[in-house]
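As a plain string of letters, each chain reads:
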Amino acid sequence: MDKKHGCKKFLAAFLLVMFSGICIYAEESESVDNNESKKIVLTASMAVEEAVKTHVSIKQEAIQLNRAEKNYKHSWNNFLPSITASAEATDAENTSTSTGEYLDANASLTASLSLNTGLAKKIAMLKEKYVSGQADYEDTVRDVEADVRKAFYSLLYTKQEVESSKENLASYENQYNQTKIKRDRGLVPELDLLSAQVNVANAKLSLRTTEKSYYNALIEFLNDIGLDITPDTEIELSGSLDDCDSVLNIENKIKDKETVEKLIENSPSVRTLKDSLKIAELNKQYTFESNYMPSLTLSASVTPKDYLYYKKTSSSADYNSWSASVGVSIPLDSWIPCSSASDSVAETKDTIADYELQIADAKKSVRTQFFEKLHDIDISKETLEERKLNMELAKKTYEMTEDAYSKGTKDLLTLQTALDSYHSAELEWRNEQYNLLTYVLDLENLLGLEIGSFLKN
């Protein structure tokens, strides 16, 4: 009995341990899976996709586009007649006849349709508004994409500041350790050790400041693109400011004046005004034809049942009737000078003249911005090369100074200056990378080109 009881206790304990191990492993696995599910690797393209789905301006533009599409596709309803159904009962007395009092009950159906030569222009306006709305929607999406990508690159630069601050802290901690060893050996004064200690404290404070700036910028960015996250969600940005290395030689792609003028003509700001001008010209024709040209009116009426009952004679009669008419009307008052019709036409002419002035001004503005952006890109490319050379030189100088300091041939102040110069040069280089990418995005958006048109695939 004791042996059997001992075996049972051993078996129960073994199963308990095995089951506990399985549960722990399952919990750990689930924990790992949960941690993995709470980490989001965010690229610029993913951010754009989220923004397109949630951005308010895109949703508003989509509503307007849907309205324009509905108005155009339902333009056939202009040819639907106005239809009226009516029923009437009358109790009357006619003293001039011997029939006396009578009752009259009838039901009728009436349809009428008015047509004028301006109707074709009205439908053409609806179509033009729909086509223009499609282009406006695409422009809005491109605007949002350009803004999101610029904000994403700005985040990458802020992230680079955090990385630079971490490297800075690690370098100052290394300096402090080296200085402490030298101080213990009596090779440097106590003031150097205190200075190294202050540098470490300042580097920690700088790191916390840059991390806070990055966190705030990231939260604002996620809110702007409409990406919902939980407090424990980890966001990792996937991208690099080195994308600037893929910027094409834009001058080679846009070689001649004809290409430049074509790009300007098709730019969003000019295209929008040209669409408005087309609609205004159609509206002018519609207003003129509606007010000055003849109109055709078609009407028909049918009374399938008309019941008449004479009370004195107790007699009744049933009959039905129908009628149809075609009419042509010519407005004569519209031809009177200073009439409301002539004022309406004059107003449409003024609108057309105003749009023509706006188009000419918009072309000049786009042309000026185009050459300014090209100049900015050229200057930024040259500056970027200089910044990179300065960064590489500053890095080499720091490495040599650090080696010299470890050998005792350079003092701590020289080492600190070299480190500061290196990290400053690195951030200036990264900042110019961001500037170049921003200039390219602005130029693509200005010309209405697909984002990435001036980047190598």
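Residues numbered from 1 in each chain as written. Predicted model: local features only at pLDDT ≥ 70, side-chain atom pairs only at ≥ 80, totals over all residues. Heavy atoms only, no water.

A few points about the overall build of the protein
When helices and strands are tallied, the protein shows ten helices and six strands. Expressed as a percentage of its 457 residues, the buried residues of the protein come to 33%. Within the protein, counting contacts between residues at least 6 apart in sequence, those at least 24 apart form 81% of the total. As displayed, the protein has an accessible area near 28,000 Å², and 54% of this comes from carbon and sulfur atoms. (Helix = DSSP H or I, 4+ residues; strand = E, 2+ residues; numbered from the N terminus. Buried < 20%, exposed > 50% of the residue type's maximum accessible area, 1.4 Å probe, protein only. Contact = heavy atoms within 4.5 Å. Areas by Shrake-Rupley, 256 points an atom, 1.4 Å probe, with all protein chains shown as cover.)

Describing the layout of surface pockets
Taken as a whole, the largest pocket spans an internal volume of roughly 430 Å³. Residue lining of the largest pocket: 18 residues in total, with Tyr214, Tyr215, Leu218, Glu234 and Ile235 positioned closest to the centre. Taken together, the elements giving at least two residues each to the lining of the largest pocket come down to helix H4 (119-184), helix H5 (190-225) and strand E4 (234-238). Looking at which element gives the most residues to the lining of the largest pocket, the answer is H5, with five residues. Looking at side-chain class alone, the lining of the largest pocket contains nine nonpolar, two polar and seven charged residues. (1 Å grid on protein atoms, 1.4 Å probe; cavity = no way out; pocket = protein on both sides within 12 Å on 5 of 7 lines; lining within 4 Å. Points joined across faces, edges and corners; volume = space filled by probe spheres on them. Nonpolar A, V, L, I, M, F, W, Y, C, P; charged D, E, K, R; others polar.)

Comments concerning the confidence of the model for the protein
Averaged over every residue, the pLDDT of the protein is 84; the share at 70 or more is 89%. In this model, residues 1-36 is a region of pLDDT below 50 whose contacts with residues beyond four sequence positions or in other chains number zero contacts. (pLDDT = per-residue confidence, 0-100.)

As for the nonpolar core
If you look at the biggest cluster of nonpolar residues, it comprises 71 residues, and the most contacted ones within it are Leu42, Phe221, Ile225, Leu237 and Leu443. Those elements that provide at least two residues to this core are helix H2 (44-54), H4, H5, E4, helix H7 (257-265), helix H8 (268-292), helix H9 (340-407) and helix H10 (412-447). Per-element accounting of this core gives the leading share, 15 residues, to H10. Setting aside residues up to four positions removed in sequence, Ile225 forms contacts with Leu42, Ala47, Glu50, Ala51, Thr54 and Val148. (Core = buried A, V, L, I, M, F, W, Y, C linked by side-chain atoms within 4.5 Å.)

Points about the pairing of strand E5 (residues 295-310)
Here E5 runs beside strand E6 (residues 315-329); their pairing, made up of 14 bridges, is antiparallel. Bridge pairing in E6 links Tyr307 to Asp318. With antiparallel pairing between neighbouring strands as the criterion, E5 and E6 make up a hairpin whose turn holds four residues, including Ser314 at a positive phi of roughly 55°. (Pairing = 2+ DSSP bridges.)

Brief notes about a negative patch on the surface
A cluster of acidic residues, Asp343, Glu347, Asp350 and Asp354, forms a negative patch at the surface. Within the element layout of this structure, Asp350 appears in helix H9. A residue is classified by how much of its surface remains accessible, and Asp350, at 55% relative accessible area, is exposed. (Patch = residues over 30% accessible without salt bridge, like charges linked within 9 Å, V, L, I, M, F, W, Y side chains within 5 Å. Salt bridge = Lys/Arg side-chain N within 4 Å of Asp/Glu carboxyl O. Lys, Arg positive; Asp, Glu negative; His and termini not counted. Charge placed at Lys NZ, Arg CZ, Asp CG, Glu CD.)

Comments concerning the pairing of E4
Where burial is concerned, the two faces of E4 differ: the one with Ile235 and Leu237 is buried and the one with Glu234, Glu236 and Ser238 is not. As paired elements, strand E1 (residues 39-43) and E4 share five bridges and run parallel to each other. Across the sheet, Leu42 pairs through a bridge with Leu237, a residue of E4.

Here's the deal with H2
Of the residues making up H2, those classed as buried are Ala44, Ala47, Val48 and Ala51. The arc that holds every buried residue of H2, seen down its axis, measures 100°, which confines them to one face. More than 90 degrees from the buried face of H2, the exposed residues found are Glu49 and Lys53. Where H2 is buried, its residues meet E1, helix H3 (56-73), H4, H5 and E4. (Arc of directions from axis to C-beta.)

Side note on the side chain of Glu61
Secondary-structure assignment places Glu61 in helix H3. With no salt bridge to any partner, buried Glu61 finds its closest opposite charge in Arg271, at an N-O distance of 7.9 Å. Apart from the residues within four sequence positions on either side, Glu61 is in contact with Asp136, Tyr137 and Thr140.

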